Amino acid sequence: MTEGRPVTGLARRERTGSQKRLIGVENIQRMLPGAAHGQHGGNTPPGTFSGDTALMAMEDSYCDMWDRTEVIDLRTRSLFNVSLMIAVGNVSNQFELTYHAPGAIYNGATLAELEAIIVHARAYVGSPCAALAMTAIVTALSEHNLITEPLPAADIARKEKTGSEK
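These remarks concern the structure in this document. This is a predicted model, so every value here is computed, not measured.

With respect to the environment of M85
Okay, so step 1: Secondary-structure assignment places M85 in helix α4 (residues 74-88).
Okay, so step 2: For M85, a relative accessible area of 10% gives the class buried.
Okay, so step 3: Expressed as a C-alpha distance, the spacing of M85 and A133, which sit 48 residues apart in the sequence, is 8.4 Å.
Okay, so step 4: Residue contacts for M85: discarding those within four places in its chain leaves N93, E96, L97 and H100.

Re helix α6 (residues 111-125)
Okay, so step 1: With 15 residues, α6 should reach 21 Å at 1.5 Å per residue; the first-to-last C-alpha distance of 20 Å fits that figure.
Okay, so step 2: Within α6, burial applies to L114, I117, I118 and A121. Around the axis of α6, the buried residues are gathered within 100° of arc, so they sit on the same side. Turned more than 90 degrees off the buried face of α6, the exposed positions are A112, V119, H120 and A123.
Okay, so step 3: One or two residues past the end of α6 sits G126, with phi positive at roughly 110°.

Some points on the packing of α4 against α6
Okay, so step 1: Direction vectors running N to C along α4 and α6 enclose 35°, while the axes themselves pass 10 Å from each other. Seen from above, α4 lies across α6 with right-handed handedness. Along its contact with α4, which presents R75, L79, V82, S83, I86 and A87, the element α6 presents E113, L114, I117, I118, A121 and V125.
Okay, so step 2: Looking at side-chain class alone, the contact of α4 with α6 contains nine nonpolar, one polar and two charged residues.

Observations concerning the environment of A87
Okay, so step 1: Mapped onto the elements, A87 comes out in helix α4.
Okay, so step 2: Along the chain, A87 and V125 lie 38 residues apart, while their C-alpha atoms are 5.8 Å from each other.

Conventions adopted
Residues numbered from 1 in each chain as written. Predicted model: local features only at pLDDT ≥ 70, side-chain atom pairs only at ≥ 80, totals over all residues. Heavy atoms only, no water. Helix = DSSP H or I, 4+ residues; strand = E, 2+ residues; numbered from the N terminus. Buried < 20%, exposed > 50% of the residue type's maximum accessible area, 1.4 Å probe, protein only. Contact = heavy atoms within 4.5 Å. Expected span 1.5 Å × (residues − 1). Arc of directions from axis to C-beta. Axes fitted to C-alpha atoms, helices over the stretch in contact; angles between N-to-C directions. Left-handed = near helix turned anticlockwise from the far one by under 90°. Nonpolar A, V, L, I, M, F, W, Y, C, P; charged D, E, K, R; others polar.

Given below as structure tokens:
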């Protein structure tokens, strides 16, 4: 790696595991307070089955992927991530949403943006996916004390308007 130049592309892979882990733990501790790796200094928590899998996931996700901010900033990446998890729609994604929804707020997204993603997802991936995601997101944001004000009331009058009036 060249000193003073940003690390891009394949050069990211040249980092040692400890360098990657340092970047990953920093991101985990900032975005996912209370996550197991953050509580164990970046190491796999004791008693973890298949610890190598956890380390590979952390390095790929939190080090390599999340460090690619030259094109997509962290806020936008968080919004994409929440959107993709809702769109896939499998039940395990609700668990991941409990980490990534608060992470999106910590990365600069707003409650209104997360709500807009759920509304948009309902139309394109279905009400069950959107409802499961909404429950997971509201629960996670509440647990992190990120819903600090009453949410705006639903726009009941909107449903009475025709398509072009909306």
